[in-house]
Amino acid sequence: MKTNSLGTINNQEIQIIVNDETEFVPLRQVCSALGISYADEVVEVMDNDFVADKYKLLELVINDKKTDSISIPVKYMLGYIGIVSKKTSLEKEKYIETKREILDKIYHYIFKS
């Protein structure tokens, strides 16, 4: 699998994983950047009509360690980021700023690359 970097957001690198010619964003990295529970968000993804049939479990490397992550196609992440959990360990302003930064980077990746 090929990977590209979306960038580092809130001290968390967010990758783009190319699988079968589709580009995915690992939810684990997005949750880490937003200070939200990955386990809770996985349940939300599986229950969400918008992305429940679109995600894949993909392998990624974080700090030289392999791990799995539910990953959502890039084209659906713009919509999904708007509805992710608001239960965050970040202060409200930092959470909103981080969410916008993720949206900006995904938008730039999709439309400017």
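Report follows, based on the coordinates.

Calculation rules
Residues numbered from 1 in each chain as written. Predicted model: local features only at pLDDT ≥ 70, side-chain atom pairs only at ≥ 80, totals over all residues. Heavy atoms only, no water. Phe/Tyr/Trp six-rings, centres within 6.5 Å; stacked < 30°, edge-to-face > 60°. Helix = DSSP H or I, 4+ residues; strand = E, 2+ residues; numbered from the N terminus. Salt bridge = Lys/Arg side-chain N within 4 Å of Asp/Glu carboxyl O. Buried < 20%, exposed > 50% of the residue type's maximum accessible area, 1.4 Å probe, protein only.

Before going further, it helps to examine the packing of aromatic side chains. Under the criterion given, the structure shown has two aromatic pairs. Plain terms: the ring middles of F50 and Y76 are 5.8 Å apart, the flat faces sit at 90° to each other, and that makes the pair edge-to-face. Of the two residues, F50 sits in the loop between helix 2 (38-47) and strand 4 (56-62) while Y76 sits in helix 3 (residues 74-81), which places them 26 residues apart along the sequence. Plain terms: the ring middles of Y107 and F111 are 4.7 Å apart, the flat faces sit at 45° to each other, and that makes the pair tilted. Of this pair, Y107 and F111 both sit in helix 4 (residues 92-112), four residues apart, which is roughly one turn of that helix.

Right, let's get into the pattern of salt bridges. Under the counting rule described, the total for this entry stands at two salt bridges. One salt bridge connects D20 with K56, and the closest N-O pair in it is separated by 3.3 Å. A residue pair is termed long-range when its members are at least 10 positions apart, and D20 in the loop between strand 2 (12-19) and strand 3 (22-26) and K56 in strand 4 qualify at 36 residues. Relative accessible area serves as the criterion here: at 64%, D20 is assigned to the exposed category. K94 serves as the salt-bridge partner of E97, at 3.6 Å between the closest nitrogen and oxygen. Of the two residues, E97 and K94 both sit in helix 4, three residues apart, roughly one turn of that helix. By relative accessible area, which is 46% here, E97 ends up partly exposed.

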